[in-house]
Amino acid sequence: MVLRVTAVRKSFGSRQVLRGVGFEARAGQLVGIVGENGAGKTTLLRILSGDLRPDDGRVDLVGTRGYCPQHPVLDEELTVRQHLRLFQIAYRLPDPGRALRLIDTLSAAGYLDAPVKVLSGGTLQKLNLVLALMHDPDVVLLDEPYQGFDWETYLRFWDLAQELKGSGRTVIIVSHLAHDTGRLDVLHRLHDGLLGPSPTADTA
């Protein structure tokens, strides 16, 4: 297993958000986690990313991780190209080649020298996704990754997800809508702080 989550619990004050969540994911697997808004999906993903500590339980993750949060954390005064350069340095990459290829795949090359503050929501999300993937992580954690995408970009996202799967990467996709569940290998449903198999998923 590349990712094993065991009995993870998290509360905020008196509110129990996660009440013993557990699941496993293998290399080369697309895993979906769906649930209503407020179900705790983002909290779970932040714990998986290492951004938030659980109150109890554990997360065992083998390899590197890439995290695409629901709300991009970007500097609105910097351009797309400058963000790529900053993350290239942070990831200690020799060049931005992979990032530029991803930008091209998502049809965002025309915005390389545009400051973030003028970008549409969909283009911001493209940059957000590229920053999570540019170091080719072993485990990819995506929170509502296709919000704001037009139909063509949405399809390109799934093509990219299949490429990641084919190269042995583990992709965790969190969403409040269970779209295109047939593209996933496993689909879990988060409800009332617990994670269980979706009745519409093939969990074999």
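All chains use their own residue numbering, which begins from 1 and follows the written sequence. Whole-chain, interface and lining totals are the exception, using all residues; otherwise, since this is a predicted model, local features are given only for residues with pLDDT of at least 70 and side-chain atom pairs are given and counted only at 80 or more. Each side-chain value is worked out from all heavy atoms of the structure, with water and hydrogens disregarded.

1. A word on the confidence of the model for the chain
Next up, step 1: pLDDT is a per-residue confidence score from the predictor, ranging from 0 to 100. Confidence along the chain averages 92 in pLDDT terms, with 95% of residues attaining 70 or more.
Next up, step 2: The low-confidence segment residues 199-204, where pLDDT is below 50, has eight contacts with residues more than four positions distant or belonging to other chains. Here, two residues are considered to be in contact whenever any of their heavy atoms come within 4.5 Å of each other.

2. Quick notes on the nonpolar core
Next up, step 1: Take the buried residues of types Ala, Val, Leu, Ile, Met, Phe, Trp, Tyr and Cys, join any two whose side-chain atoms come within 4.5 Å, and each joined set is a nonpolar core. Residue exposure (1.4 Å probe, protein chains only): buried if accessible area is under 20% of the type maximum, exposed if over 50%, otherwise partly exposed. In terms of nonpolar packing, the biggest core is built from 36 residues, with Leu 84, Leu 129, Leu 142, Phe 157, Trp 158 and Ile 173 touching the most fellow members.
Next up, step 2: Of all elements in the fold, only β3 (30-34), α2 (80-91), α3 (97-105), α4 (121-133), β6 (139-143), α5 (151-166) and β7 (170-175) reach the threshold of two or more residues within this core.
Next up, step 3: At seven residues, the largest contribution of residues to this core is made by α4.
Next up, step 4: When neighbours within four sequence positions are excluded, Leu 129 is seen to be in contact with Cys 68, Leu 106, Leu 142, Phe 149, Phe 157 and Leu 160.
Next up, step 5: If you look at the next biggest cluster of nonpolar residues, it comprises 24 residues, including Val 17, Val 21, Leu 44 and Val 174. Put simply, DSSP marks the helices as runs of H or I at least four residues long and the strands as runs of E at least two long, and each gets a number from the N terminus on.

3. Describing the pairing of strand β2 (residues 15-25)
Two faces make up the sheet, and in a regular strand the side chains alternate between them.
Next up, step 1: Pairing between two strands requires that DSSP report at least two bridges joining them. As paired strands, strand β1 (residues 3-12) and β2 are joined by eight bridges and run antiparallel to one another. What sits directly across from Leu 3, in β2, is Ala 25.
Next up, step 2: Linking two consecutive strands that pair antiparallel, namely β1 and β2, is a turn of two residues; a positive phi of about 65 degrees is found at Gly 13 within it.

4. Here's the deal with the environment of Gly 35
Next up, step 1: Inspection of the secondary structure assignment puts Gly 35 in the loop between β3 and α1 (41-49).
Next up, step 2: In sequence terms Gly 35 and Asp 192 are 157 residues apart; their C-alpha atoms lie 9.4 Å from each other.
Next up, step 3: Excluding residues within four positions of it along the chain, Gly 35 makes contact with Lys 41, Ser 175, His 176 and Leu 190.

5. Notes on the layout of surface pockets
Next up, step 1: Any residue with an atom within 4 Å of a point lines the site, the site being either a cavity, points on a 1 Å grid over the protein atoms alone where a 1.4 Å probe fits but cannot get out, or a pocket, an open set with protein on both sides within 12 Å along at least 5 of 7 lines. Grid points are joined across faces, edges and corners, and a volume is the space filled by probe spheres set on the points. In this structure, the largest pocket encloses a volume near 150 Å³.
Next up, step 2: What lines the largest pocket is Arg 98, Arg 101, Leu 102, Thr 105, Asp 136, Leu 160, Glu 163, Leu 164, Ser 167 and Arg 169.
Next up, step 3: With four residues, α3 is the largest single contributor of residues to the lining of the largest pocket.
Next up, step 4: All residues other than Ala, Val, Leu, Ile, Met, Phe, Trp, Tyr, Cys, Pro, Asp, Glu, Lys and Arg, Gly among them, are scored as polar; the first ten of these are nonpolar and the last four charged. Looking at the lining of the largest pocket, its residues break down into three nonpolar, two polar and five charged.

6. Overview of the packing of aromatic side chains
Two aromatic rings are characterised by how far apart their centres lie and by the angle between their planes.
Next up, step 1: Whether two aromatic rings pair depends on their centres lying within 6.5 Å, for rings of Phe, Tyr and Trp, where Trp uses its six-membered ring; planes under 30 degrees apart make the pair stacked, over 60 edge-to-face, and the rest tilted. Summed over the entire model, instances satisfying the criterion amount to seven aromatic pairs.
Next up, step 2: Arranged with centres 6.1 Å apart and planes meeting at 40 degrees, the rings of Tyr 146 and Trp 158 form a pair that is tilted. One end of the pair, Tyr 146, is in the loop between β6 and α5; the other, Trp 158, is in helix α5, and twelve residues separate them in sequence. Each of the two residues, Tyr 146 as well as Trp 158, counts as buried.

7. A word on the sheet that holds strand β4 (residues 56-61)
Next up, step 1: With antiparallel pairing, three strands are arranged side by side in an open sheet as β2-β1-β4. Lying at the two open borders of the sheet, with one neighbouring strand each, are β2 and β4. Averaged over all pairs of adjacent strands, the angle between their axes in this sheet comes to 20 degrees, without regard to strand direction.
Next up, step 2: Axis lines are fitted through C-alpha atoms, for helices just across the contact stretch, and the angle between N-to-C directions can take any value from 0 to 180 degrees. Sitting on the sheet, α1 touches β1, β2 and β4, and the angle it makes with β2 is about 55 degrees.

8. Observations concerning the packing of α4 against α5
A pair of packed helices is characterised by two quantities: the angle between their axes and the separation of those axes.
Next up, step 1: At their nearest, the axes of α4 and α5 sit 13 Å apart, and the two run at 5 degrees to each other. In terms of their interaxial angle, α4 and α5 are classed as roughly parallel. Where α4 abuts α5, its residues Lys 126, Leu 129 and Leu 133 lie against Thr 153, Phe 157, Leu 160 and Leu 164.
Next up, step 2: Looking at the contact of α4 with α5 residue by residue, the classes come out as five nonpolar, one polar and one charged. Each angle receives one of four descriptions, namely roughly parallel if under 35 degrees, roughly antiparallel if over 145, roughly perpendicular if within 65 to 115, and oblique otherwise.

9. So, α3
Next up, step 1: Of the positions making up α3, those classed as buried are Gly 97, Ala 99, Leu 102 and Ile 103.
Next up, step 2: Those residues of α3 that are buried are in contact with α2, α4 and α5.
Next up, step 3: Just downstream of α3 lies Ser 107, where phi reads positive at about 55 degrees.

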